[in-house]
Amino acid sequence: SGTAKVFTRSGSTWTQQQTLNQAATSLYFGISVSLSDDAGTVIAGSYFDTIDGKSRAGSAVVFALNNASVTLSTTSASVSEAGPTAQEFTVVLGDQPSSDVVLSVVSADTGEATVSPATLTFTSGNWDTAQTVTATGVDDTTVDGTQNATITVSVVDSSSDDDYDPVGDVTLSATNTDDDAATTT
């Protein structure tokens, strides 16, 4: 049995991304390979396969690349209690889903930073259009110095395209600058 190897090129460097295999009944798998213009689909052909009990039949196997990912425009935000101030960041998907992808946006410390909106919904029509999230510093009366809050963007598996279920959480660190001063009496 043969294999087909998929590579990407950056400048003059080629990096192997994937090895494609077929069942052991294929003697010449990969004898012909075709790659789509967007490099998202590979068709690998072979001959002398045994298909449905017929020996020496040809076959073609289609492999689709899954670029499911979630990307943030930044990994950090600076907000302040004074005002309070806010900072926006954007979120976008890496591949067109076949159904909706719902993302939750959560601050680990809502006493220091809040987020809005709390959910984002991407469709097959807007998956590549960045959506904006606002992180806002929370003004408290505690002299606590600069505080950090982690903002997590995660796929809501039960409400999302299955191709996005394995996508890991992405995080942003929000730094909230304190505006309180210690008083002496």
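For the structure given in this document, a descriptive report is provided here. Note that the structure is predicted; figures quoted are calculated from it, not measured.

Take the pairing of strand β11 (residues 119-122) next. Burial along β11 is one-sided: the residues Leu-120 and Phe-122 are buried and none of Thr-119 and Thr-121 is. Both strand β9 (residues 101-107) and β11 contribute to a ladder of four bridges, which runs antiparallel. Within the sheet, the bridge partner assigned to Ser-104 lies in β11 and is Thr-119.

Glancing now at the nonpolar core. Membership of the largest hydrophobic core comes to 26 residues, with the highest contact counts inside it found for Val-70, Phe-89, Val-91, Leu-93, Leu-103, Ile-151 and Val-153. Mapped by element, the contributors of at least two residues to this core are β6 (70-72), β8 (86-93), β9, β10 (113-116), β11, β12 (131-137), β13 (147-155) and β14 (170-177). The greatest single-element share of this core, amounting to four residues, is contributed by β13. Those residues within four positions of Val-91 in sequence are excluded, and the remaining contacts are Val-70, Thr-71, Leu-72, Leu-103, Leu-120, Phe-122, Thr-129, Ala-130, Gln-131, Val-133 and Val-153.

With that settled, the discussion passes to the sheet that holds β6. One open sheet accounts for four strands, arranged β6-β8-β12-β10; its pairing is antiparallel. The sheet terminates laterally at β6 and β10, the two strands that pair on one side only. Neighbour-to-neighbour, the strand axes of the sheet open up by a mean angle of 25°, direction not taken into account. Across three bridges, β6 lies against β8 in antiparallel orientation. Considered in β8, the bridge of Val-70 is made with Leu-93.

In this section: the side chain of Asp-140. For Asp-140, the position within the fold is in the loop between β12 and β13. Once residues within four sequence positions are removed from consideration, Asp-140 is found in contact with Glu-81, Gly-111, Glu-112, Asp-178, Asp-179 and Asp-180.

Looking now at the environment of Pro-97. With respect to the helices and strands, the residue Pro-97 is situated in the loop between β8 and β9. Considering only alpha carbons, one finds Pro-97 and Ala-68, 29 residues apart in sequence, at a separation of 7.9 Å. Setting aside residues up to four positions removed in sequence, Pro-97 forms contacts with Thr-123, Ser-124, Trp-127, Asp-161 and Tyr-164.

With that settled, consider the environment of Ala-118. Its location among the elements puts Ala-118 in the loop between β10 and β11. Classification of Ala-118 by relative accessible area gives partly exposed; the value is 47%. Separated by 12 residues in sequence, Ala-118 and Val-106 have C-alpha atoms that sit 6.5 Å apart. Apart from the residues lying within four places of it in its own chain, the contact partners of Ala-118 are Leu-103, Ser-104 and Val-105.

Conventions adopted
- Residues numbered from 1 in each chain as written.
- Predicted model: local features only at pLDDT ≥ 70, side-chain atom pairs only at ≥ 80, totals over all residues.
- Heavy atoms only, no water.
- Buried < 20%, exposed > 50% of the residue type's maximum accessible area, 1.4 Å probe, protein only.
- Helix = DSSP H or I, 4+ residues; strand = E, 2+ residues; numbered from the N terminus.
- Pairing = 2+ DSSP bridges.
- Core = buried A, V, L, I, M, F, W, Y, C linked by side-chain atoms within 4.5 Å.
- Contact = heavy atoms within 4.5 Å.
- Axes fitted to C-alpha atoms, helices over the stretch in contact; angles between N-to-C directions.

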